[in-house]
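Overview (structure and organization)
These are the residues of each chain, in order.
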Amino acid sequence: MARHAQDPAAAPQADPAPAAAAPADTGAVTPMMAQYLEIKGRYPDALLFYRMGDFYELFFDDAVSAAAALDIALTKRGKHLGQDIAMCGVPVHSHENYLLQLIRKGFRVAVCEQLEDPAEARKRGSKSVVKRDVTRLVTPGTLTEDALLDARRHNYLAAWAEIRGEGALAWLDLSTGDFHVADCPRAGLGPLLARLAPSEVLVSEAAEDPALTELIEEAGAAATPLARAAWDSEGARLRLETLFAVKALDAFGGFSRAQVAAMGGAIAYVELTQRGRLPLVRPPMAEAPGGTMRIDAATRRNLELTRSMSGGRDGSLLAAVDRSVTAAGARLLEARLASPSTDRAEIADRLDAVAALIADRRLAEDIRAALRRAPEMERALSRLGLGRGGPRDLAAIRDGLAQGASLADRLGAEDLPPRLTGVASALEGHDALTERLETALVAEPPLLIRDGGAVAAGLDPELDEARELRDHGRGVIAGLQSGYAETAGVNALKIKHNNVLGYFIETSALHAERMLKPPLSETFIHRQTLANAVRFTTVELSDLEARILNAGARALEAEKKIFEALCAEVLEAAPAVARAAKALAELDLAAGLAQLAVEQDWTRPVLEAGRAFVIEGGRHPVVEQALRRQGGQAFVPNDCDLSAEPGEGAGEAGEPPRPVWLLTGPNMAGKSTFLRQNALIAVLAQMGAYVPAASARIGVVDQLFSRVGAADDLARGRSTFMVEMVETAAILNQAGPGALVILDEIGRGTATYDGLSIAWATLEHLHESNRCRALFATHYHELTALADRLPGLRNATMAVREWEGDVVFLHEVRAGAADRSYGVQVARLAGLPVSVVERARTVLEALEEGDRQGAGGGGARAKALIDDLPLFAAVPAPAPRAPAEAAPSKLEARLREAAPDELTPRAALDLVYELRAMLGGD
Ligand SMILES: Nc1ncnc2c1ncn2[C@@H]1O[C@H](COP(=O)(O)OP(=O)(O)OP(=O)(O)O)[C@@H](O)[C@H]1O
């Protein structure tokens, strides 16, 4: 629990609390309160952490909000303009935890520090206030502390700009320096945010667009408006050129005005929050349009790419494929998985690296062993860049580079594909810096430089001497004592210490005689004569004393100087160090994917130019691993061929392509699993991983869509069915020929016939208009008849066997259509009461019988059955629906619009014929 700075001991060095010295009700404002209000006035949207000695204090409304959010005591202190001042505080030494809680709850925090020693302030007069100012504005997107970050995830700050209808998104991880930008029209913002999952998104204040804010918040990020001036593309260009110390930004490639504005907005915000300290940002990388597979938010959720449905990492594809041993490797894996490539050369390059490490298992093992010992360099470097680093960050760079160098040696001896030779060369050439850090730092330095003991012995004679004095002052004095005894020829001479004189030389009155006379009196200076002892000092002794007293502070000063010099040297080499850090991440990723492929028996996919999609023996990576963990049934592999162009498929030459599969089969038979596994195989293949299949041949997928009969989205006030339809509409409007679409039980959220009709029309649209590769699972068996009419449609079904009235799932996908649903059997497996299952079975039989007899008969029969059974007969019949609720039939509508008075006999007869025809039948 945070204590409160109310007792004077808690804030020994601080000046009086804001109102403590204020006459309680005169309304006068103390100088300190004036300072507080002035600073707070500049940060109206943030909680102000106002430093007072060992505490950060919060006042007024800030205190009320923070005390509630942190569950700490809220107190009162003094008055301001006649009102009590609310106050609460958190200790400086443990403030990070509180900071994190506040940021998670959506607050921003301005950290206001004391910029001078309180003693300095006192020199200006007893009433003067310690100088203070905000040194940092802490927001979700600008965190750099390890304690506040998830090591295995990026923490992106994104900025979206729009100039004359052209949009762009820039994203920056301040904790690693990664900086990217891409064209991003408003319509593409949702999917891109879903991919990046930034924690904060900056938009122009001028936009004032609630829909935009809603979109950002839906992506789980905080939306932060930024003044219009920050986005001006010319100002932004200058800001970027200054940051990267280049004459023209073009040095990094051509950027559109919107891209420059977005990048400039992000950097302006960083400058604002870091109070002018320029972070170590890597030169921006522009993402080529269409360079990655487009996957929207709903698809990501559905396929559980990086998060499972329940929101955590467990159960996601990411968790199932992560074999990385470093945090940077894990971050790279997530970034790749979230944005599979569409560039075949790039994919092949990545796969070559994985293949090489599968071929040489020894090498892969050695790499992983070395990486386990390599500390996090990216975040250490970024903290050093922001002046927030410590000795341990330097040690991380030292050890990371050292591991890198030994890895480079190991890799250099092998014949490797380009990506791995590139890694090796990025890891070479840091020897001078590594050696420098090795000689300068102790093996395990402390977290903070002010703790002392970071710099190794033997580096700096001045530091060594100061430490010697600090730690062994007594020994040095003892050495001096024996020297003096010899010089004076007085064995009984002692060096002693008291609080009045400090160190002094003491001898008996008898021996003192000689020392009071020349030549000894030139060395020994008389200080005090007591009854039977005389005390002396020497210039050397008082000098030594002063040095012993200051030794601790001097040692620390010397360490700080060396630390700063080392930081400067590391920052000088920052771009190369950052490249080495990236290279280690790349190596970790490749070695992890190789490990995964070997361990899970995965295969290298073949990426093609056309629209093939031939998977043999495909498996679902997450379900398969879950089944294996449970130790029960093995996963049943299944083939899939959605190839869309003649000659691409696995079948006989001349067989027409059937890119759309309609999958039927009972509940629980494995339809959803099959659908998803094929999408996941495409994602894995294009991120550059091996895939869970016996073989896979895939024409690059540029858009991936997946929809499941949706869950309610009550937060947005949409019903299940509405969500499902909105999402389906998005697919039908967007999916192009390169898309892969997965639709699971579309239409199930409404009445049977409406659902069936919608599913029907959707399937036809996919086949006729979108002409993409698609998998469509349904319970509407009626749809299977479409295979006769749509040449690109193939019926497939999940095989089951019936055994003693129960259904046994074989999990095999076969050609053809399911004959029935087995829903009742599945209900029985699920443990529905026997009476209910039996009743359901009877009702089902009646309905099926009715169906065979024609539409009306079934209903009548079911009604008769219901009447038969007391259980159901006891339930009162539902009240008849109000006529207004029922939509008028065509017949009724036609009749209603007829005006009898105006009809000629002939027209009336025609109307009768017309109505009779509408009625249908014989
Ligand atoms: N190929 C397979 N091999 C082994 N087990 C499988 C396979 N496919 C699915 N299963 C098992 O069957 C369970 C149900 O699968 P899934 O949810 O895909 O069925 P479904 O047909 O979509 O069901 P519903 O229609 O009720 O949604 C899975 O959780 C898994 O345990």
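Quick caveat, the model's predicted, so the values are computed rather than measured.

The rules behind the values
Residues numbered from 1 in each chain as written. Predicted model: local features only at pLDDT ≥ 70, side-chain atom pairs only at ≥ 80, totals over all residues. Helix = DSSP H or I, 4+ residues; strand = E, 2+ residues; numbered from the N terminus. Contact = placed C-beta atoms within 7 Å. Pairing = 2+ DSSP bridges. Buried ≥ 20, exposed ≤ 12 C-beta atoms within 10 Å, placed from the backbone. Axes fitted to C-alpha atoms, helices over the stretch in contact; angles between N-to-C directions. Parallel < 35°, antiparallel > 145°, perpendicular 65-115°, else oblique. Nonpolar A, V, L, I, M, F, W, Y, C, P; charged D, E, K, R; others polar. Near = placed C-beta within 6 Å. pLDDT = per-residue confidence, 0-100. UniProt positions renumbered as here; feature names shortened; annotations may be inferred. Core = buried A, V, L, I, M, F, W, Y, C linked by C-beta atoms within 7 Å. Expected span 1.5 Å × (residues − 1). Arc of directions from axis to C-beta. Left-handed = near helix turned anticlockwise from the far one by under 90°.

**Quick word on the overall build of the chain**
In terms of helices and strands, the chain carries 31 helices and 27 strands. Dimensions of the chain along its principal axes, counting C-alpha atoms only, are 150 × 80 × 65 Å. Long-range contacts, defined here as pairs at least 24 residues apart, represent 68% of the contacts in the chain between residues at least 6 apart.

**Comments concerning the pairing of strand β14 (residues 494–498)**
The sheet contact formed by β14 and strand β15 (residues 502–508) spans five bridges and is antiparallel. Counted as the bridge partner of I495 is I505 from β15. As consecutive antiparallel partners, β14 and β15 are separated by three residues.

**A look at the environment of R350**
Here R350 shows up in helix α12 (residues 344–359). Since 22 C-beta atoms lie within 10 Å of it, R350 is described here as buried. Taking the C-alpha atoms as reference, R350 lies 9.4 Å from P417; in sequence the two are 67 residues apart. Not counting residues within four places of it along the chain, the set of residues in contact with R350 comprises R419 and G688.

**What about the sheet that holds strand β19 (residues 613–618)?**
The strand order across the open sheet built from four strands is β18-β22-β19-β20, with neighbouring strands paired in mixed fashion. Single-partner strands in this sheet number two, and they are β18 (606–608) and β20 (638–641). Recorded for the sheet is a direction-independent mean angle of 15 degrees between the axes of neighbouring strands. As paired elements, β18 and strand β22 (residues 695–699) share three bridges and run parallel to each other. By the bridge assignment for β22, L607 is matched with I698. In the packing of helix α23 (residues 671–687) onto the sheet, the strands contacted are β18, β19, β20 and β22, and the crossing angle to β19 comes to about 110 degrees.

**What to know about the packing of α12 against helix α16 (residues 418–427)**
Look at α12 against α16: their axes get within 7 Å of each other, and the N-to-C directions meet at 80 degrees. With respect to α16, the element α12 is oriented roughly perpendicular. Residues D349, R350, D352, A353 and A356 of α12 lie in contact with α16, whose contacting residues are P418, R419 and L420. Looking at the contact of α12 with α16, its residues break down into four nonpolar, no polar and four charged.

**Overview of the site of the ligand**
Around the ligand, a shell composed of 14 residues is seen, among which N667, G670, S672, T673 and H811 lie nearest. No other element matches α23, which puts three residues into the shell around the ligand. The class makeup of the residues in the shell around the ligand is five nonpolar, eight polar and one charged.

**Digging into the confidence of the model for the chain**
For the chain, the average pLDDT comes to 86, and 91% of its residues sit at 70 or higher. Low pLDDT, under 50, characterises residues 1–14; the stretch is placed with 35 contacts to residues that sit more than four places away or in other chains. Confidence over residues 869–885 falls short of pLDDT 50; this stretch has four contacts with residues more than four positions distant or in other chains. Prediction confidence for the complex, expressed as pTM and ipTM, is 0.79 and 0.97 respectively.

**Some remarks on the UniProt feature "binding site: ATP" (unreviewed entry) in the chain**
When the UniProt feature table is mapped onto this chain, "binding site: ATP" (unreviewed entry) is found at G665, P666, N667, M668, A669, G670, K671 and S672. Relative to the assigned elements, G670 resides in the loop between β21 (660–664) and α23. Ignoring anything within four residues of it in the chain, the contact list for S672 reads D744 and A777.

**Details of the nonpolar core**
Core analysis: the largest hydrophobic core is formed by 189 residues, its most contacted members being A158, L169, A170, A262, A266, V354 and V741. A total of 15 residues in this core trace back to one element, the largest contributor, which is helix α21 (residues 574–600). What A266 contacts, discounting residues up to four positions off in sequence, is L157, A159, A170, L172 and L202. Of all hydrophobic cores here, the second largest spans 31 residues; its members include F59, M87, I103 and V134.

**A word on the sheet that holds strand β10 (residues 200–204)**
One open sheet accounts for six strands, arranged β11-β10-β7-β8-β9-β12; its pairing is mixed. Across the chains shown, the open sheet's two edge strands, defined by having one partner strand only, are β11 (222–226) and β12 (285–287). Averaged over all pairs of adjacent strands, the angle between their axes in this sheet comes to 25 degrees, without regard to strand direction. Across seven bridges, the pairing between strand β7 (residues 157–163) and strand β8 (residues 166–173) is antiparallel. Its bridge partner being in β8, A159 is matched across the sheet by A170.

**Overview of the pairing of strand β17 (residues 533–537)**
A one-sided burial pattern is seen for β17, the buried positions being V534 and F536 and the unburied ones A533, R535 and T537. Strand direction decides the pairing type here: β15 and β17, joined by four bridges, are antiparallel. By the bridge assignment, S508 is partnered in β17 with A533. Across four bridges, the pairing between strand β16 (residues 525–529) and β17 is antiparallel. In the sheet register, I525 faces β17, and the bridge partner there is T537. Once β16 ends, the chain turns through three residues before running back antiparallel as β17.

**A word on helix α13 (residues 361–372)**
Here α13 contains 12 residues, and its C-alpha end-to-end distance of 17 Å stays within 8% of the 16 Å for a straight helix at 1.5 Å per residue. Every buried residue of α13 is listed here: A364, I367, R368 and L371. Down the axis of α13, the smallest arc covering the buried residues is 95 degrees, so these residues share one side. Set apart from the buried face of α13 by more than 90 degrees, the exposed residues are R362 and A369. Where α13 is buried, its residues meet α12, α15 (391–412) and α21.

**Here we look at the environment of V837**
Tracing the backbone through its elements, the reader meets V837 in helix α27 (residues 834–853). C-alpha of V837 to C-alpha of Q825: the two residues are 12 residues apart in sequence and 8.0 Å apart in space. What V837 contacts, discounting residues up to four positions off in sequence, is V824, A827, R828 and L832.

**A look at helix α11 (residues 327–338)**
With 12 residues, α11 extends 17 Å between its outermost C-alpha atoms, agreeing within 8% with the 16 Å of an ideal straight helix rising 1.5 Å per residue. Among the 12 residues of α11, 12 are classified as buried, and the element is accordingly described as predominantly covered. Structurally, α11 contributes buried residues whose contacts are with α5 (186–196), α10 (317–321), α14 (378–385), α21 and α23.

**As for the environment of D84**
Considering the arrangement of structural elements, one finds D84 in strand β4 (residues 83–91). Residue classification places D84 among the partly exposed residues on the basis of 13 C-beta atoms within 10 Å. With residues up to four places along the chain from it excluded, the contact list for D84 reads K76 and K79.

**Notes on unusual backbone geometry**
Residues other than glycine seldom take positive phi values, yet A197 does so here, at roughly 45 degrees. Positionally, A197 belongs in the loop between α5 and β10. In this structure, E304 is a non-glycine residue whose phi angle is positive, near 50 degrees. With respect to the element layout, E304 can be found in the loop between α9 (297–303) and α10. Taking the C-beta count within 10 Å as the criterion, E304 has 20 such neighbours and is therefore assigned buried.

**Details of the packing of helix α30 (residues 890–897) against helix α31 (residues 905–919)**
Taken N-terminus to C-terminus, the directions of α30 and α31 make an angle of 165 degrees; their axes are 9 Å apart at the nearest point. Judged on the interaxial angle alone, α31 and α30 are roughly antiparallel. Along this stretch, α30 crosses α31, giving a crossing that reads as left-handed. Facing K890, L891, R894 and L895 of α30, the residues of α31 in contact are L915, M918 and L919. In the contact of α30 with α31, the residues fall into five nonpolar, no polar and two charged.

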